[in-house]
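# Close look at the chain arrangement
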Amino acid sequence: MSAVIIDGKAIAEEIRNQVAEKVAQRKQTGLSVPGLATVLVGENPASQVYVRSKHKTCEKLGIHSFNHVLPASTPQAEVIALVNELNQDKNVHGILVQLPLPKTLNEEEVLLNISVKKDVDGFHPINIGNLAQKGRTPSFVPCTPAGIIHLLKKNLPSLEGKNAVVLGRSNIVGMPVALLLVRENATVTICHSRSQDLPKITAAADILVASVGKPEMVRADWVKPGAVVIDVGINRVNDPSTEKGYRLVGDVAYDEVSEVASAITPVPGGVGPMTIAMLMQNTLRAAELSDPLG
Ligand code: NDP
């Protein structure tokens, strides 16, 4: 079997186009233009790249963006004061505090201060709590997990009753993706570093989500023939044959697993592009919640 390649780049573009269309529609009807504020504390180069690319995407889609950069030495109270100011700002519908924050700051306290209605990252405990509970709806769902579910639904007519195995239980990927799969009526097994006999567990999965951060850990004999495999991992491995001296690989041994799976996401170009697309969708949603269309 040779798996269908799930083209996250193209699917993310589809989402961005839909968001841009709805933003334009809001402008035409005189409704507020969605606004995203980012807060970057310190000079972490990777965070700077992420924030820049969020602003660039906002600009392309017609979303207003507000960039707040603070020195690494900023005291906790000042970061919280900024978050509270943004909570009150009518032009700001979504607030994104870029993580990780410098070690001197209490990340938990900063995130708790973001208004639940502006929590476009979906990490506020109230949003996560609502995601976990039956009959409740979070205002926002975390972006990477939401992107994963979107990719799965593009490839499977229904997730109901499927055996889903999630490798990883982090707050930002593994756990929320597992909660979303439960909401889709899948039967979910969550694995982590203390799980025993992973290949046996994963071999029963109709849907396998790998989010551990271990290069090419999932091998062909871990995968049930015909399974849909979502590879979230982004790992640098040395490769002197490339200009940069490294290449990116996922948590899944792509070449061999694509001979067994029915569909698979590549790395890069699978889950990666979905994260910012879903952030844009969440920012639009935040504006819709505060100022509904029609
Ligand atoms: P974390 O390091 O926070 O979590 C890793 C999880 O994997 C933990 O739950 C850990 O278990 C588990 N784990 C680690 N080693 C093993 C093992 N040998 N066997 C089974 N489970 C194991 O990582 P993240 O969730 O933040 O990220 C995971 C990967 O996804 C990374 O490669 C990251 O770069 C990528 N990523 C990609 C994104 C995107 O595409 N946009 C966004 C976010 C992340 P335990 O809990 O027991 O420690």
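Within any chain, residue numbers begin from 1 and follow the written order of that chain's sequence. The predicted nature of this model means local features are confined to residues of pLDDT at least 70 and side-chain atom pairs, given and counted, to a pLDDT of 80 or more, with totals for whole chains, interfaces and linings taken over all residues. Note that the side-chain values use all heavy atoms of the structure and ignore hydrogens as well as water.

Within the largest apolar cluster, 46 residues are counted, with the highest numbers of intra-cluster contacts made by V19, I148, L152, L181, V209, I230 and M280. Helix and strand definitions here come from DSSP, where helices need a minimum of 4 consecutive H or I residues and strands a minimum of 2 consecutive E residues; each element is numbered from the N-terminal end. Looking at this core, the elements that each hand over two or more residues are α1 (8-28), α2 (45-61), α6 (143-155), β5 (163-167), α7 (174-183), β7 (207-210), β8 (228-231) and α10 (272-290). In terms of residues, this core owes the most to one element, α10, which gives 8 residues. Either an automatic procedure or a domain database provided the assignment from which the domain bounds are taken. A domain-level breakdown of this core finds at least three residues from each of domain 1 (34-115) and domain 2 (143-271). As used here, the term nonpolar core means buried Ala, Val, Leu, Ile, Met, Phe, Trp, Tyr and Cys residues forming a set that is joined through side-chain atoms within 4.5 Å. Between buried and exposed lies partly exposed: a residue is buried under 20% and exposed over 50% of the maximum accessible area for its type, with that area taken using a 1.4 Å probe on protein chains only.

Before going further, it helps to spend a moment on the site of the ligand. In the vicinity of the ligand there are 21 residues, among which R169, S170, S193, I234 and T275 approach most closely. By the criterion applied in these results, polar contacts are pairs of N or O atoms within 3.5 Å in which, for protein atoms, one can donate a hydrogen and the other can accept it, and in which residues neighboring in sequence qualify only through two side-chain atoms. Within the side chain of S193, a nitrogen or oxygen atom sits 2.5 Å from an oxygen atom of the ligand. In the model, a nitrogen atom of the ligand is placed 2.7 Å from a nitrogen or oxygen of the T275 side chain. Here the ligand has 920 Å² of accessible area as a free molecule, and 70% of this is covered by the chains. All amino acids are sorted into three groups, where Ala, Val, Leu, Ile, Met, Phe, Trp, Tyr, Cys and Pro are nonpolar, Asp, Glu, Lys and Arg are charged, and the leftover types, Gly among them, are polar. Of the residues in the shell around the ligand, the class split is 8 nonpolar, 11 polar and 2 charged. To be near a molecule or strand, a residue needs just one of its heavy atoms within 4 Å of it. Note on areas: Shrake-Rupley with a 1.4 Å probe; residue coverage comes only from the protein chains shown.

Pairs were defined over the aromatic rings of Phe, Tyr and Trp, the Trp ring being its six-membered one, requiring ring centres within 6.5 Å. Orientation was assigned from the angle between planes: stacked under 30 degrees, edge-to-face over 60, tilted for the rest. For the structure on display, the rule yields 0 aromatic pairs. Look at NZ for Lys and CZ for Arg. If either is within 6 Å of the ring centre and within 35 degrees of the ring normal, a charge sits over the ring. The lysine or arginine in question, R236, covers the ring of Y246, its NZ or CZ lying 4.0 Å from the ring centre.

Here we come to the sheet that holds strand β11 (residues 263-264). Think of it this way: DSSP has to see at least two bridges between two strands before they count as a pair. Across the sheet, 6 strands lie side by side as β1-β11-β8-β7-β5-β6; this open sheet has parallel pairing. The strands lining the two open edges of the sheet, one partner per strand, are β1 (4-5) and β6 (187-191). Each of β1, β7, β8 and β11 is contacted by α6, which is oriented at about 155° to β8, the strand it contacts most. Every residue pair with non-hydrogen atoms within 4.5 Å of one another is taken to be in contact. An axis is simply a line fitted to the C-alpha atoms; with a helix, the fit covers only the stretch in contact. Between two such axes, the angle follows the N-to-C directions and lies from 0 to 180 degrees.

Mapped onto the elements of the fold, K118 is located in the loop between α4 (107-112) and α5 (125-132). The positive count covers Lys and Arg only, the negative count covers Asp and Glu only, and His and the chain ends enter neither. A pair is scored as a salt bridge if a Lys or Arg side-chain nitrogen falls within 4 Å of a carboxyl oxygen belonging to Asp or Glu. Of the side chains with opposite charge, D89 comes closest to the buried, unpaired K118, at an N-O distance of 6.1 Å. Of note is the side chain of K118, whose polar atom sits 2.7 Å from the backbone oxygen of V92. If we ignore the near neighbours within four places in the chain, the residues touching K118 are L86, N87, Q88, D89, V92, H93, G94, I95 and F140.

As a further point, take α6. Under the convention used throughout, the expected extent of a helix is 1.5 Å for every residue step, that is, one less than its residue count. Its 13 residues place the ends of α6 19 Å apart at the C-alpha level, agreeing with the 18 Å of an ideal helix rising 1.5 Å per residue. Buried residues in α6 make contact with α1, α7, β7, β8 and α10.

In this section: the domain arrangement of the chain. By domain assignment, the chain separates into domain 1 (34-115) and domain 2 (143-271). For domain 1 and domain 2, the distance between their C-alpha centres works out to 29 Å.

Between α2 and α10, the shortest axis-to-axis distance is 10 Å and the interhelical angle comes to 55°. The pairing of α2 with α10 is recorded here as oblique in orientation. Every pair of crossing elements has a handedness; the one defined by α2 and α10 is right-handed. The residues of α10 that touch α2, namely those facing S53, K54, T57, C58 and L61, are I276, L279 and M280. Of the residues that constitute the contact of α2 with α10, the class distribution is 5 nonpolar, 2 polar and 1 charged. Note on angle classes: values under 35 degrees are labelled roughly parallel, values over 145 roughly antiparallel, values of 65 to 115 roughly perpendicular, and the remainder oblique. With the far helix as reference, a near helix turned anticlockwise by less than a right angle produces a left-handed crossing, and one turned clockwise produces a right-handed crossing.

Further remarks concern the sheet that holds strand β4 (residues 94-97). The strand order across the open sheet built from 3 strands is β3-β2-β4, with neighbouring strands paired in parallel fashion. Each edge of the open sheet is held by one strand with a lone partner, namely β3 (64-70) and β4. Mean inter-strand twist for the sheet, computed between neighbouring axes without regard to direction, equals 15°. α2 rests against β2 (35-41), β3 and β4 of the sheet, and its axis sits at about 165° to β2. Lying over the sheet, α10 contacts β2 and β4, oriented at roughly 125° with respect to β2.

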